[in-house]
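Breakdown of the fold
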Amino acid sequence: MGKKYLIANWKMQLSINESRSLAQELVERLALIKTDTSIVVCPSGPVLSQVAGVIRGSDLLLGAQNSFWEDRGAYTGEVSPANLKELGCSFCLVGHSERREYLGETDEMVGRKVAALLTQDITPIICIGETEDERDDGRREEVLVQQLSLALADAFRQPHNGQHFIVAYEPIWMIGSGQMIESEDVIASAQLIRKTLNELCTAAVADKFCTVIYGGSVDTINLSGFLSCSGIDGALVGGTSLTADNFMSLVEIASRS
Ligand code: PEP
């Protein structure tokens, strides 16, 4: 098993003050425990620099929720990987289903973002997953393979030079839904992701440089079950990451798993 990751996606759920207080509380509480799990917080864009200041010198790592694919230029409203790097981000979510649904983010755009982030040495957290209809139509495998292949197409045009990347399997019907997914389905998806990666970039590269995690309604009851799924080395967490009590419970569970 590889290093474990617990990644908090705060989405657009918190005010600036709430984000800073939550980060501060996590810093203080994390200092009191021992954990090998890498803990990443992904605040909303406008709060990144303030949260970066709060967590500086702690074990918390900073992630962004989105990035553009160019480092500079006339792209009003976008944020460059270079700026994210300057702000102290070492991770960035890419292709979250909410961005695909509400902002029209396509697989090709995801691919450009992944390549640009890797150039800045920012670890992309590539979100892939099927809708409920796609699952019911038996298209889960086809969707995952297509999303993953296009997400990595631009990056793998160059020889891989040692950057880490994370693939988050997030069945869209599980996000924020509180529904249940069978462990066998999570394991089968993790296996499919590994098989696809092996074909895209060789097993040697995939084993060493890619981490696969699960996301979708992770909470204090189900986290240990997800972490015990073969091929899953962490979790991407939305709702349960929004209070220090809940998130620290997840940290403690992950540390024991
Ligand atoms: C997410 O949006 O990435 C997510 C996992 O959300 P939740 O944990 O609330 O389902």
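As the structure is a prediction and not an experimental result, all values here were calculated from the model.

For the rest of this paragraph, the subject is the sheet that holds strand β3 (residues 61–64). Taken in spatial order, the eight strands of this closed barrel run β1-β2-β3-β4-β5-β6-β7-β8, and their pairing is parallel. Put simply, the sheet's adjacent strands are angled 25 degrees from each other on average, direction ignored. Packed onto the sheet, helix α8 (residues 183–201) meets β5 (123–128), β6 (165–169) and β7 (210–215) and runs at close to 150 degrees relative to β7.

So, about α8. The end-to-end C-alpha distance of α8 is 27 Å, a good match for the 27 Å that 19 residues give at a rise of 1.5 Å each. For α8, the set of buried residues is V186, S189, A190, L192, I193, T196, L197 and C201. Viewed along the axis of α8, the buried residues span an arc of 160 degrees, placing them on a single side of the element. Opposite the buried face of α8, by more than 90 degrees, sit the exposed residues E184, Q191 and E199.

Here we come to empty space enclosed by the protein. Using a probe with the size of a water molecule, rolled over the atoms, empty space left in the structure can be pinpointed. Counted according to the given criterion, the structure contains one cavity of 30 Å³ or more. What the largest cavity holds in volume is close to 50 Å³. If you go around the largest cavity, the residues you meet are G95, H96, S97, R100, C127, I128, G129, Q147, E170 and I172. Looking at the lining of the largest cavity residue by residue, the class counts come to three nonpolar, five polar and two charged.

Here the focus is the side chain of N66. Counting through the fold element by element, N66 comes out in the loop between β3 and α3 (81–87). Among the polar contacts listed, one links the side chain of N66 to the side chain of R99, at a separation of 3.3 Å. Only 2.8 Å separates the side chain of N66 from the side chain of K113, close enough to count as a polar contact. The residues contacting N66, other than those within four sequence positions of it, are E78, L84, C92, L93, R99, E105 and K113.

Computed from the structure, the largest pocket encloses a volume of approximately 570 Å³. If you go around the largest pocket, you meet 22 residues; those closest to its centre are S44, G45, Q65, N66 and R99. Those elements that place two or more of their residues in the lining of the largest pocket are α3 and α4 (97–102). When residues of the lining of the largest pocket are assigned to their parent elements, the largest contribution, three residues, is made by α4. For the lining of the largest pocket, a count of residues per class yields ten nonpolar, eight polar and four charged.

Unlike most non-glycine residues, T202 shows phi in positive territory, near 80 degrees. If you trace the backbone, T202 turns up in the loop between α8 and α9 (203–209). The partly exposed category is assigned to T202, whose relative accessible area is 44%. Positive phi values are uncommon outside glycine, yet S217 reaches one of about 60 degrees. Among the structural elements, S217 can be located in the loop between β7 and α10 (223–227). A relative accessible area of 18% means that S217 is categorised as buried.

Let us now look at the packing of aromatic side chains. Two aromatic rings, taken as a pair, are described by how far apart their centres are and by the angle between their planes. Counted under the stated rule, the structure contains six aromatic pairs. Both rings, one in F68 and one in W69, keep their centres 4.3 Å apart while their planes meet at 25 degrees; by these two values the pair is stacked. A relative accessible area of 18% means that W69 is categorised as buried. Both rings, one in Y214 and one in F226, keep their centres 4.0 Å apart while their planes meet at 20 degrees; by these two values the pair is stacked. With Y214 in strand β7 and F226 in helix α10, the pair connects residues that are twelve residues apart, well separated along the chain. Of the two residues examined, Y214 and F226, each falls in the buried class.

Looking now at the site of the ligand. As a matter of local geometry, the ligand sits amid 13 residues, with K11, H96, E170, G176 and S217 nearest to it. Between the ligand and H96, the relevant distance is 2.8 Å, taken from an oxygen atom to a side-chain nitrogen or oxygen of the residue. Considering the ligand on its own, with 290 Å² of exposed area, one finds that the protein chains cover 95% of that surface. Grouping the constituent residues of the shell around the ligand by class yields three nonpolar, seven polar and three charged.

About the criteria used
- Residues numbered from 1 in each chain as written.
- Predicted model: local features only at pLDDT ≥ 70, side-chain atom pairs only at ≥ 80, totals over all residues.
- Heavy atoms only, no water.
- Pairing = 2+ DSSP bridges.
- Helix = DSSP H or I, 4+ residues; strand = E, 2+ residues; numbered from the N terminus.
- Axes fitted to C-alpha atoms, helices over the stretch in contact; angles between N-to-C directions.
- Contact = heavy atoms within 4.5 Å.
- Expected span 1.5 Å × (residues − 1).
- Buried < 20%, exposed > 50% of the residue type's maximum accessible area, 1.4 Å probe, protein only.
- Arc of directions from axis to C-beta.
- 1 Å grid on protein atoms, 1.4 Å probe; cavity = no way out; pocket = protein on both sides within 12 Å on 5 of 7 lines; lining within 4 Å.
- Points joined across faces, edges and corners; volume = space filled by probe spheres on them.
- Nonpolar A, V, L, I, M, F, W, Y, C, P; charged D, E, K, R; others polar.
- Polar contact = N/O pair within 3.5 Å; in protein donor to acceptor, adjacent residues only side chain to side chain.
- Phe/Tyr/Trp six-rings, centres within 6.5 Å; stacked < 30°, edge-to-face > 60°.
- Near = heavy atom within 4 Å.
- Areas by Shrake-Rupley, 256 points an atom, 1.4 Å probe, with all protein chains shown as cover.

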